[in-house]
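An overview of the molecular structure
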Amino acid sequence: MSLSQRARLAPAPPSPAAACPQVEDHIRSLEQQLDELERNEKTLDNKIEKKRQELERNEKRLSTLQSVRPAYMDEYERLQGELNLLYGAYLDK
């Protein structure tokens, strides 16, 4: 095969000037994806921070509720003691 035949068969590579717009479009596309990812990251960071604050509030509320003695507890303990005495008397019979 002669050189002239090879030149006719092989496609010519695109010129750098012709490839430039494609590369620029690809770069713009990548930059848009990057911007979108950054926005998503900020949104997720905000959601995480809100959930962290909510968790802290709920933990504080739980510790407060655990430390509070219910109003009926004194009466409950008194009645429990009476019940134990009555049950002991019942077992003695």
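Use the structure listed above.
The following refers to the structure shown. From a predicted model like this one, the values you see are computed outputs, not experimental measurements.

Further remarks concern the overall build of the protein chain. Helix and strand content of the protein chain: three helices and zero strands. Among the 93 residues that make up the protein chain, the fraction classed as buried is 0%. When the accessible surface of the protein chain is totalled, it reaches about 9200 Å², and 58% of it is carbon and sulfur.

Two side chains bearing opposite charge may form a pair once their charged atoms approach each other closely. Using the criterion set out here, one finds six salt bridges in the structure. Taking the shortest distance from any N to any O, the salt bridge between Glu-49 and Arg-52 comes out at 3.2 Å. Taken together, the residues span about one helical turn, with Glu-49 and Arg-52 both in helix H2 (residues 16-67) at a distance of three residues. One salt bridge in this structure joins Asp-74 and Arg-69, with 3.2 Å as the shortest N-O distance. Classification of Arg-69 as partly exposed rests on a relative accessible area of 46%. Sharing partners across several salt bridges, the network here consists of Arg-69, Asp-74 and Glu-77.

Our focus in this paragraph is a negative patch on the surface. Taken together, the side chains of Glu-31, Asp-35, Glu-38, Glu-41 and Asp-45 present a region of like negative charge at the surface. Note that Glu-38 resides in helix H2. When its relative accessible area of 39% is taken as the criterion, Glu-38 is described as partly exposed.

Here we come to a nonpolar patch on the surface. Nonpolar side chains collect at one region of the surface, where Tyr-87, Tyr-90 and Leu-91 lie side by side and expose about 390 Å² of accessible area between them. As for its placement among the helices and strands, Leu-91 is situated in helix H3 (residues 73-92). For Leu-91, a relative accessible area of 52% translates into the label exposed.

The rules behind the values
- Residues numbered from 1 in each chain as written.
- Predicted model: local features only at pLDDT ≥ 70, side-chain atom pairs only at ≥ 80, totals over all residues.
- Heavy atoms only, no water.
- Helix = DSSP H or I, 4+ residues; strand = E, 2+ residues; numbered from the N terminus.
- Buried < 20%, exposed > 50% of the residue type's maximum accessible area, 1.4 Å probe, protein only.
- Areas by Shrake-Rupley, 256 points an atom, 1.4 Å probe, with all protein chains shown as cover.
- Salt bridge = Lys/Arg side-chain N within 4 Å of Asp/Glu carboxyl O.
- Patch = residues over 30% accessible without salt bridge, like charges linked within 9 Å, V, L, I, M, F, W, Y side chains within 5 Å.
- Lys, Arg positive; Asp, Glu negative; His and termini not counted.
- Charge placed at Lys NZ, Arg CZ, Asp CG, Glu CD.

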